[in-house]
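Coordinate analysis (summary)
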Amino acid sequence: MSEIIVDEEPLPFVEGQTVAAALVAAGRVAWRTTRVRHRPRGVFCGIGVCFDCLVSIEGAGGQRACLVLAVAGMTVTTGEHGDE
């Protein structure tokens, strides 16, 4: 099984999984909060229509985790640990 690095911690994933799927499979259903009320957000639509699952991938912010396929060694930063 391969791993991505999420918030400086290894996270296993299965080939073909998106970053969001890997996070959910690991038990992380929320990884950022709303700006005003700080409510938890994670995958909502799962098809790239909304922006609830935003993360930074390899330093590029505003990436929808539900659309990006996980790649071994990829670095992901969630809104819980920095700017998404």
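Structural notes, computed from the coordinates. (Residues numbered from 1 in each chain as written. Predicted model: local features only at pLDDT ≥ 70, side-chain atom pairs only at ≥ 80, totals over all residues. Heavy atoms only, no water.)

In this section: the overall build of the protein. Looking only at helices and strands, one finds one helix and seven strands in the protein. Put simply, the protein runs from its N terminus to its C terminus through helices and strands in the order β-β-α-β-β-β-β-β. By principal-axis analysis of the C-alpha atoms, the protein measures approximately 40 × 25 × 20 Å. Taking all 84 residues of the protein together, the buried fraction comes to 35%. By sequence separation, contacts in the protein at least 24 residues apart represent 36% of the contacts at least 6 residues apart. Accessible surface, the protein: about 5000 Å² in total, of which carbon and sulfur atoms supply 54%. Charge centroids of the protein, computed over 7 positive and 10 negative side chains, lie 15 Å from each other. (Helix = DSSP H or I, 4+ residues; strand = E, 2+ residues; numbered from the N terminus. Buried < 20%, exposed > 50% of the residue type's maximum accessible area, 1.4 Å probe, protein only. Contact = heavy atoms within 4.5 Å. Areas by Shrake-Rupley, 256 points an atom, 1.4 Å probe, with all protein chains shown as cover. Lys, Arg positive; Asp, Glu negative; His and termini not counted. Charge placed at Lys NZ, Arg CZ, Asp CG, Glu CD.)

Moving on: the sheet that holds strand β6 (residues 60-64). Judged by pairing direction, the sheet is mixed, and its five strands sit side by side in the order β2-β1-β7-β5-β6 without closing on themselves. Strands at the two margins of the open sheet, each flanked by one partner only, are β2 (9-13) and β6. The sheet shows a mean angle of 40° between the axes of neighbouring strands, taken without regard to direction. As judged from the three bridges shared by strand β5 (residues 54-57) and β6, these two strands associate in the antiparallel manner. Bridging across to β6, Val 55 finds its partner in Gln 63. (Pairing = 2+ DSSP bridges. Axes fitted to C-alpha atoms, helices over the stretch in contact; angles between N-to-C directions.)

Structurally, Ile 5 is set in strand β1 (residues 2-6). Sequence-wise, Ile 5 and Val 71 are 66 residues apart; in three dimensions their C-alpha atoms are separated by 9.9 Å.

When a protein is soluble and globular, its nonpolar side chains tend to lie buried together. Ile 4, Val 19, Trp 31, Ala 65 and Val 76 are the most contacted members of the largest nonpolar core, which totals 17 residues. Within the residue set of this core, elements represented by two or more residues are β1, β2, α1 (19-25) and β5. For this core, the element with the highest residue contribution is α1, accounting for four residues. (Core = buried A, V, L, I, M, F, W, Y, C linked by side-chain atoms within 4.5 Å.)

The subject of this paragraph is the environment of Ser 2. Within the secondary structure, Ser 2 is located in strand β1. Given a relative accessible area of 21%, Ser 2 falls into the partly exposed group. Spatially, the C-alpha atoms of Ser 2 and Val 55 are 20 Å apart, while their sequence positions differ by 53 residues. Those residues within four positions of Ser 2 in sequence are excluded, and the remaining contacts are Leu 11, Pro 12, Phe 13, Glu 15 and Ala 72.

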